[in-house]
Each structure stands twice: as structure tokens, then as C-alpha cells.
Amino acid sequence: MAENCEIFLTRRQWLVALAKARVEELETAWGELADKPNYRLLRPAEAGLVMVRGRIGGTGKPFNVGEMTMTRAAIQLIDATGQARCTGFGHVAGRSARHAELVALFDALLQDPRRHDALATTLVAPLVARQHAAKSANAAKAMTSKVDFYTMVRGE
Amino acid sequence: MTGLAGTQRSGSADFVRLEPGFIDPVHDAQACFRMVLDAMAHPGHVALLRVSLAGLPSAPLGHASMSIALTLCDIDTPIWLDAASAEATDYLTFHCGGPFASEPDQARFAFVGNPAALPPLDMFALGSDEYPERSATLVIEVSGLVNGSGMLLRGPGIREATRLAVTGLPTRFWDERAALAELFPRGLDILFVCGDKLAALPRSTRFEF
């Protein structure tokens, strides 16, 4: 599937981009989609808690940072014969049921080789670019207040 | 006893073959919970489980047994499926997230699609005298459930007596169930299901032919 694509995207990459996108961006893309597929909800959107773990201690051991709200959904695309074809999953931070559903929908569509290239170009690539630019701008802003302690010698 | 061990399950579930569960998960599960509670409170009374599932795994486990599973089973309740019900494994894994017990005595919920091959009842967890609640709940798919004929049931939740006819059970079932009655408060709570019908036989219920 993915080998034939002009823009090589892993599923992980597109899921990250979709989950971090604003729900309005996805809603617009869904509204503009020419041939909308039939689909059914395999798992209607449901909100829950996940434990976020990270290596934030001095020793690098995993640490439970805290719980965060997450919403997940799963959908199946239905083909003309009424059979389920692709299954898409959406996991998003927060409580937006529609966002999780849209991520699941686009995840399923991106797994379809006939639709992948078009969606990767028109939807995911601009999302990735925008998210990357926002992250860079934020990092650049933070860098202005960075202090290098040239003269400090740690007493080791 | 050949149960459906965790090792027999496929590594990656075939998601395209999965069917959806409850249409309205929160309210359907609440409604189903209330109906199971009512059934347990009125042993032998045949009730219709009026909740809507958007999809079911292949037979033999039907509407009522899957509704009960989606309502009561989760990650803390090991499930045991008999060999005939293997088709339901992926469905229950996806919707309940539950672990599967390889042996009947490790299960909190046991689903039996083929009652003719029901393991002896004392092979399931019966709880202990200190913790009688650490026992299994059996959900048995039978071929018929009718009030007004059959077994005469007495006990808590029944005014005088009631009659329940269960078809499709092996005859040894009633002998094994009679033997369990002596272990009270240890024992098994049993739910008979047939399509969308449900009747309960809690451990406290006594019966005669």
C-alpha cells in the first residue's frame, strides 16, 4: 500500500498529524471530500483517562506524570456490497467526540490505496507543515530567553 | 478441559470482521444491567432483554449473552468461552478488553454456547466461605426458556414457587446443581439466555422436579 505513494507517510505520522490538527481543519477537509464513503461506528466515541508516563526524573526511569482525558473512536468503511473494508482508529487528547471520529475516518481513508495519495497531499502534508511551523516558531520564541552559563563550573 | 486459552487467539485481530457493540453504550449498558439485576432478584422469571446491539459475532452466542458480556465484563473479569463460542473471542477482546481464562476455574464469567459440552459445574470457581463472591457467573445459551412449566423453583425472590422450563441442558446439570446447593454460601450464579430472553438461577434458589 504505502510503497506506491508519492508522499511516503507512515500510519503513525498521519495519525499524529490528524490527532494534533484542529477539529475545524478536519471538518473542512471532510466537507470538501468529493465522494464521501459510507461508514459505520465500530466503537462510538468515548472519553476516558490515560496515564501519561515520561522520563522526567534525574535517573531516566519512567514516571507517572499524571492522567489526561482522551477520546477514542473506531469506524469501518462500508463498500458498495455492504461489507466492512477498512477500519480506522482515532485517539485524541481532550473530549471532542467529533475530532476522534474524524481522525478515525481519515485514518481509514488513508489506508485505502486509491485515496491515500490525494489525501496525503491535500490534507496531511499541509497539516504537518503547519504543525511543524508552529512548533518551530514556538521553539524560536523560547530560544530568545535561553541563557548559556559559560562561566559556571559545576563542582564535580 | 479445552477452553479458549489466550495463546489460541490471533496476534492481530482482523478488525474488518469485527461487529459493533451497543448502539448507545452508556444507556444500553445501564438498561441491560437493570434487567440482569431484576432477573437475579426474581429467579426463574423469563425476561426479554430489550437492548439493541448493532452487531453480533457468529453463533452460538446470541443477543442476550453478548449484551451481558458488554455490560458486565471488563479488564478485571477473566472470561472463559467454551470451544463452540470461539468466534466471539475477537468481539469480546475489542469491546470488553477482558482477559481470557484458559481454565474454567480462573474465570469470573463463563459463556457456554454448547450446553451439551458444559464442563462439570464444580470445575468453575465456587468462591470460598470467607469470600463467596469470588465465584463464577455462568451464562448458558439454551434452546428454550418458558415460564409456567418445568422445574419448580423456590427460594429468595420467589413468592411461594415458580416454574421454569429450560430445554437444551444435559440431564446431569440438575444433579450437579443440586450438589452445589449444599455448599452455600459458595456456589454458582447462573444466567440462562435464549436469543434475547433471560432467566436467572442464583445460588440461593432451590428446585425440585
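Everything discussed here concerns the structure shown above.
Report follows, based on the coordinates. (Residues numbered from 1 in each chain as written. Chains lettered and ligands numbered in written order. Predicted model: local features only at pLDDT ≥ 70, side-chain atom pairs only at ≥ 80, totals over all residues.)

### Describing the packing of helix 3 (residues 97-111) of chain A against helix 4 (residues 113-143) of chain A
All names here are of chain A.
Then, in step 1: Interaxial distance between helix 3 and helix 4 falls to 7 Å at its minimum, and their mutual angle equals 130 degrees. Put simply, helix 3 runs oblique to helix 4. Across from F106, L109 and L110 in helix 3, the residues of helix 4 making contact are R115, H116, L119, A120 and L123.
Then, in step 2: Split into classes, the residues belonging to the contact of helix 3 with helix 4 amount to six nonpolar, one polar and one charged. (Axes fitted to C-alpha atoms, helices over the stretch in contact; angles between N-to-C directions. Helix = DSSP H or I, 4+ residues; strand = E, 2+ residues; numbered from the N terminus. Parallel < 35°, antiparallel > 145°, perpendicular 65-115°, else oblique. Contact = placed C-beta atoms within 7 Å. Nonpolar A, V, L, I, M, F, W, Y, C, P; charged D, E, K, R; others polar.)

### Here we look at helix 1 (residues 11-20) of chain A
Then, in step 1: Taken residue by residue, helix 1 of chain A has W14, L15, A17 and L18 of chain A as its buried positions. Projected onto a plane normal to the axis of helix 1 of chain A, the buried residues spread over an arc of 165 degrees and lie on a single side. (Buried ≥ 20, exposed ≤ 12 C-beta atoms within 10 Å, placed from the backbone. Arc of directions from axis to C-beta.)

### Examining the sheet that holds strand 1 (residues 38-54) of chain A
Residue and element names in this part refer to chain A.
Then, in step 1: The sheet built from three strands is open, its strands ordered 1-2-3 with antiparallel pairing. The sheet terminates laterally at strand 1 and strand 3 (84-93), the two strands that pair on one side only. Along the sheet, successive strands turn relative to each other by an average axial angle of 20 degrees, direction set aside.
Then, in step 2: Sheet topology places strand 1 next to strand 2 (residues 63-78); 14 bridges connect them, and they run antiparallel. Looking at strand 2, one finds that V50 is bridged to M68.
Then, in step 3: Across the sheet, helix 3 touches strand 1, strand 2 and strand 3, and the angle it forms with strand 3 is around 140 degrees. (Pairing = 2+ DSSP bridges.)

### Focus: helix 1 (residues 25-41) of chain B
All names here are of chain B.
Then, in step 1: Between its first and last C-alpha atoms helix 1 spans 24 Å; for 17 residues at 1.5 Å apiece the expected length is 24 Å, and the two agree.
Then, in step 2: Considered for burial, the residues of helix 1 that qualify are D28, C32, M35, V36 and A39. Taken end-on, helix 1 shows its buried residues confined to a sector of 100 degrees, consistent with a single buried face. Away from its buried face, by an angle of more than 90 degrees, helix 1 presents the exposed residues V26, H27, R34, L37 and A41. (Expected span 1.5 Å × (residues − 1).)

### Some points on the environment of P126 of chain A
Then, in step 1: In this fold, P126 of chain A is placed in helix 4.
Then, in step 2: C-alpha of P126 of chain A to C-alpha of S145 of chain A: the two residues are 19 residues apart in sequence and 30 Å apart in space.

### Re the environment of T77 of chain B
All names here are of chain B.
Then, in step 1: Assignment of secondary structure puts T77 in the loop between helix 2 (63-72) and strand 2 (79-81).
Then, in step 2: For T77, a count of 17 C-beta atoms within 10 Å corresponds to the partly exposed category.
Then, in step 3: Distance in space between the C-alpha atoms of T77 and F109 is 6.8 Å, their sequence separation being 32 residues.
Then, in step 4: Apart from the residues lying within four places of it in its own chain, the contact partners of T77 are G98, R108 and F109.

### Structural notes on the pairing of strand 6 (residues 162-167) of chain B
Residues and elements named next belong to chain B.
Then, in step 1: Burial along strand 6 is one-sided: T162, L164 and V166 are buried, and none of R163, A165 and T167, which face the opposite way, are.
Then, in step 2: Where strand 5 (residues 144-154) and strand 6 come together, seven bridges link them in antiparallel fashion. Bridge pairing in strand 6 places V146 opposite A165.

### Comments concerning the environment of F109 of chain B
Residue and element names in this part refer to chain B.
Then, in step 1: Structurally, F109 can be placed in strand 3 (residues 109-112).
Then, in step 2: Judged by C-beta crowding, with 23 C-beta atoms within 10 Å, F109 ranks as buried.
Then, in step 3: F109 sits 48 residues away from G157 along the chain, and the two C-alpha atoms are 23 Å apart.
Then, in step 4: Setting aside residues no more than four positions away along its own chain, F109 makes contact with L72, C73, T77, I79, A136, T137 and V139.

Function cannot be inferred from these measures alone, as they are strictly geometric.
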